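Geometric and topological summary
Here are the chains, one letter per residue:
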Amino acid sequence: MLGTAFRTGSPNWLDLGSPDTGAAAAFYGAVFGWEFVSAGPEAGGYGFFRLGGKTVAALGPLTEEGAYSAWMVHFQSPDIQATTEAVRAGGGSVRMEPMDVMGEGWLAQFTDPQGAQFASWQPARTGGLEAASEENTLVWVELHVPDPVAAIRFYAGVFGWRYIEREVPGMTYRVLSIGEGDQEEGSFGGVAPQGEGAGGGSSMVTRWVPYFHVTDVDATVSVVEGNGGGVLMPAVDVPDVGRIAWASDPAGAVFALLKPAPGM
């Protein structure tokens, strides 16, 4: 699962674009106990979700015309310019060219060849998230695409990822790992065929979905519903994985909940 010793290709940042950042901050505060802290007047409404004094995600207003509320997964790059060229060479598109974010690091935003949006962060003063795989923090990321093999080929060309196949009921699931070190220790996410697995009809959309670690999935689902969110897939036990559910916030941003199985 995820840690904060980020290497090339690691998920190292996560942020939410929302049409109402105040409402989003209140919702995630109720669900996960997060506190929203503004990045300052020069940040255009952007700020950080913190838990126990550590940054666990971020939040900002929607900035692209026609954009809808969604979570954006960022992957570490040692050279954002080279990453951008690799995205283009692999058939992806560049939605936002690399930019220096006030000396904190370099950011670029992309869309993969099958339509899933993602971003890349080259750290400077800000290395990335300060907590992961702890209660109420990011623990896993999952890509839903029509052609998982083609997707992995693209991302391997960009970040050097590796994968292994696991047969689960109804589909082949591919577990992703960064390109260096022990493959199992470096696993951070997976790829599922579009329309299969968790999320029901919501999994028909090509996208990256963040999973958050919770100790009681059912209780968290109740809090989601009680604060205006939706349940896309009720809580279910998945062998060797844990108990999971898919949900959406009041603006429609999709995320998942996971209580990992022992030893995962």
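Residues numbered from 1 in each chain as written. Predicted model: local features only at pLDDT ≥ 70, side-chain atom pairs only at ≥ 80, totals over all residues. Heavy atoms only, no water.

Before going further, it helps to spend a moment on the overall build of the chain. For the chain, the count of helices and strands is 4 helices and 16 strands. Its C-alpha atoms give the chain a radius of gyration of 17 Å, within 12% of the compact-globule value 18 Å for 264 residues. Of all 264 residues assigned to the chain, the portion counted as buried reaches 48%. Sequence-distant contacts in the chain: of pairs separated by 6 or more residues, those separated by 24 or more amount to 57%. When the accessible area of the chain is evaluated, it comes to approximately 11,000 Å², of which 51% is carbon and sulfur surface. Of the side-chain charges in the chain, 13 are positive and 30 negative, and the distance between the mean point of each set is 4 Å. (Helix = DSSP H or I, 4+ residues; strand = E, 2+ residues; numbered from the N terminus. Rg over C-alpha atoms; globule rule 2.2 N^0.38 Å. Buried < 20%, exposed > 50% of the residue type's maximum accessible area, 1.4 Å probe, protein only. Contact = heavy atoms within 4.5 Å. Areas by Shrake-Rupley, 256 points an atom, 1.4 Å probe, with all protein chains shown as cover. Lys, Arg positive; Asp, Glu negative; His and termini not counted. Charge placed at Lys NZ, Arg CZ, Asp CG, Glu CD.)

Before going further, it helps to examine unusual backbone geometry. A negative phi holds for most residues other than glycine; trans holds for most peptide bonds. Residue Asn136 is not a glycine yet carries a positive backbone phi of 65°. Note on placement: Asn136 falls in the loop between strand 8 (117–123) and strand 9 (138–145). Residue classification places Asn136 among the buried residues on the basis of a relative accessible area of 14%. Not every positive phi belongs to a glycine, and Asp240 is a case in point at roughly 65°. Tracing the backbone shows Asp240 in the loop between strand 14 (230–238) and strand 15 (242–248).

Attention now moves to the sheet that holds strand 12 (residues 187–193). If you trace the 8 strands from one edge of the open sheet to the other, you get 10-11-12-9-13-16-15-14, paired in mixed fashion. Among the strands making up the open sheet, the edge pair consists of strand 10 (162–168) and strand 14. With direction set aside, neighbouring strand axes in the sheet form an average angle of 25°. Direction of pairing for strand 9 relative to strand 13 (residues 207–213): antiparallel, over a ladder of 6 bridges. Bridged to Leu143 within strand 13 is Trp208. Strands in contact with helix 1 (residues 21–32) are strand 13, strand 15 and strand 16 (254–260); relative to strand 16, the strand with the most contacts, it is inclined by about 10°. (Pairing = 2+ DSSP bridges. Axes fitted to C-alpha atoms, helices over the stretch in contact; angles between N-to-C directions.)

Within the open sheet, the 8 strands sit side by side as 2-3-4-1-5-8-7-6. Their pairing is mixed. On the outer flanks of this sheet lie strand 2 (35–38) and strand 6 (93–100), each paired with one strand and no other. Strand-to-strand twist across the sheet, computed as the mean angle between neighbouring axes with direction ignored, equals 25°. Across the sheet, helix 1 touches strand 1 (11–18), strand 2, strand 3 (47–51), strand 4 (54–61) and strand 5 (70–76), and the angle it forms with strand 4 is around 150°.

Attention shifts here to the packing of helix 1 against helix 4 (residues 217–226). Packing of helix 1 against helix 4 leaves a shortest axis separation of 9 Å and a crossing angle of 155°. Classified by the angle between their axes, helix 1 and helix 4 sit roughly antiparallel to one another. Taken as a pair, helix 1 and helix 4 cross one another with a handedness that is right-handed. Across from Phe27, Ala30, Val31 and Phe32 in helix 1, the residues of helix 4 making contact are Thr220, Val223 and Val224. (Parallel < 35°, antiparallel > 145°, perpendicular 65-115°, else oblique. Left-handed = near helix turned anticlockwise from the far one by under 90°.)

Next up on the list: helix 2 (residues 80–89). Of all the residues in helix 2, the buried ones are Ile80, Thr83, Thr84, Ala86 and Val87. Projected down its long axis, helix 2 shows its buried positions confined to an angular sector of 160°, all on one face. Looking at the buried residues of helix 2, the elements they touch are strand 6, strand 7 (105–111), strand 8 and helix 3 (148–159). Two residues or fewer past helix 2, Gly91 is found with a positive phi of approximately 95°. (Arc of directions from axis to C-beta.)

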